[in-house]
Amino acid sequence: MLSTLPAQPADALLALIKLHNDDPRTDKIDLGVGVYRTGQGDTPVFGAIKAAEKKLVETQDSKAYLGPEGDMGFVHALMPYVFGKDDPAMGGRIDGMQTPGGTGGVRLAVALARKAGVQRIWMGLPSWPNHAQIFADLGVELKGFTHAGQDGAVDMDALRAAVAAAQPGDAILLHGCCHNPTGIDYTPADWDEIAALIAAKGLLPILDLAYQGLGQGMEEDAYGVRKVLAAVPEALVAYSCDKNFGMYRDRVGAVYVMVQDPAQLGAVLSNGYTLARAAWSMPPDHGAAAVRLILEDEALTRMWLDELDTMRARMNQVRAKLAGAGKAGSVDLAALGHQNGLFSVLPLSAEQILALRNDHGIYMAGSGRINIAGLTAHNIDKFIADLAAVSAPVTA
Ligand code: LMR
């Protein structure tokens, strides 16, 4: 039976990691998978995480099972950052559970929506390719609309039309900040309108917050989530600590559920526990425990937030430098200056993307997405020059 299974293509984004690693060229540039890199091109473990891990090794006295909900100290310690310090549980309407990374959070959010009767999820495209893959795997129909126009701004008309066409009881998935892949985020005024539209239509919002703190700041990046949650009776939020704590391979995430009546919360979460038990039983503990130790300790929290500020400042510097370069061949880099987070999309053809890889050792996703953090003072001029070379308009 197994031999009847047709081969599947490798995940295009993850395949880039290996392709880049296997490339012997010393001046190659990795702009593929979304990991932060320093000005030296490294992805180091955060100092705050190292300190927390040391503390964890010294103090952890058991590795006995926790349960499908994982480390609830971790889940609760994050809540003031996501939902605001004043009333993070919104009067007992919000609680969550730990998941294996942000992907686990999205997976569980969509599975819960599906179990509650959602059949269609509306989502701006392009999006992180795994979103559509998760929907398909769970048997939910994707209804796509254009996320951003050619002018590099959010296409609010497309979103308005999508919400108008949606049925009450459909869900809508929105990136909380640092849109992946475009880097083009909603403004606070856009969020105000979106929250009202979703509420009026009776859609279930699924908010994917995978890059909090990498856009404008921890508070600023939570604006959309808080605004939407204030407007609607029910919502799901998938959260990732993989980027803002640098915990990628340790898979640190959570899913939060907001219900209308606090009395309903336990029943909804019990569905999350059942789904998790059947899928992964319980999430890996180590990374979440380290994040919890940071958030429980004022000095470690300060250290973590400082590290996050440094990352954001570096990405802003790279964006400013790209924007300052203006046009590289036919590609206008100016818009990248006011986009957010790790990613932006360059309007390149498949041939141009391949030429950058084959002829210049520059690796980016097939969508033209680049990881801004892959650019450093050492390679950015080469990148701009090579981009100009492959995209230069052909002159007679
Ligand atoms: C990315 O988009 O590069 C990251 O979210 C990593 C991943 O899991 O795809």
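Here, every reference points to the structure presented above.
Counting starts from 1 at the beginning of each chain's written sequence and moves along it residue by residue. With the structure being a predicted model, the display of local features is reserved for residues of pLDDT at least 70 and the display and counting of side-chain atom pairs for 80 or more, all residues being used for whole-chain, interface and lining totals. With hydrogens and water stripped out, all remaining heavy atoms of the structure feed into the side-chain values.

**Student:** Got a minute to help me understand the packing of aromatic side chains in this structure?
**Tutor:** Two descriptors summarise a pair of aromatic rings, namely the distance from one centre to the other and the angle between the planes of the rings. Pairing of aromatic side chains requires ring centres within 6.5 Å, counting the rings of Phe and Tyr and the six-membered ring of Trp. Pairs whose planes differ by under 30 degrees are stacked, by over 60 edge-to-face, and all others tilted. Within this structure, the stated rule accounts for 5 aromatic pairs. Between Tyr186 and Trp191, the ring centres sit 5.0 Å apart and the planes meet at 75°, which makes this aromatic pair edge-to-face. Here Tyr186 matches Trp191 in class, with each residue buried. Considering the side-chain rings of Tyr211 and Phe343, the 5.8 Å spacing of their centres and the 85° angle between planes classify their relative orientation as edge-to-face. With Tyr211 in the loop between strand S6 (204-209) and helix H8 (223-231) and Phe343 in strand S11 (residues 343-345), this pair connects stretches of sequence that are 132 residues apart. Among the aromatic side chains, those forming a connected cluster through ring pairs are Tyr81, Phe245 and Trp304. Geometry around Tyr81 places Lys85 over its ring, the cationic atom sitting 5.1 Å from the centre. Over a ring means this: the NZ of a Lys or the CZ of an Arg is within 6 Å of the ring centre and within 35 degrees of the ring normal. Note that Arg369 overlies the ring of Phe343, its terminal NZ or CZ placed 3.6 Å from the centroid. When a residue's accessible area, from a 1.4 Å probe over protein chains only, is under 20% of the maximum for its type it is buried; when over 50% it is exposed; and in between it is partly exposed. Secondary structure elements follow DSSP: runs of H or I no shorter than four residues count as helices, runs of E no shorter than two count as strands, and numbering proceeds from the N terminus.

**Student:** Would you mind showing me how to read the pairing of strand S7 (residues 235-240) here?
**Tutor:** Successive side chains on a regular strand alternate, one facing one side of the sheet and the next facing the other. Extensive coverage of S7 is indicated by the burial of 6 of its 6 residues. In S7, alternate side chains face the same way, and those of Ala235, Val237 and Tyr239 on one face and Leu236, Ala238 and Ser240 on the other are all buried. By definition, two strands form a pair when at least two bridges between them are found by DSSP. Relative to S7, S6 runs parallel, the two being bridged by 4 bridges. Counted as the bridge partner of Leu209 is Tyr239 from S7. Once the chain exits S6 it traverses H8 before rejoining the sheet at S7, and the crossover so formed is right-handed. Alignment of S7 against strand S8 (residues 252-258), held across 6 bridges, turns out to be antiparallel. Bridging across to S8, Ser240 finds its partner in Gly253. The crossover handedness rule: strands pointing away from the viewer, path from first strand over the helix to second strand clockwise, crossover right-handed.

**Student:** Even after reading the chapter, I still don't get helix H13 (residues 380-391), so can you show me in this structure?
**Tutor:** Residue pairs three or four apart in sequence face the same way in an α-helix, which turns once every 3.6 residues. Over its 12 residues, H13 runs 16 Å from end to end, which matches the ideal 16 Å to within 8%, given 1.5 Å per residue. Taken together, the buried positions of H13 are Ile380, Phe383, Ile384, Asp386, Leu387, Val390 and Ser391. By this rule the span expected of a helix is its residue count minus one, scaled by 1.5 Å.

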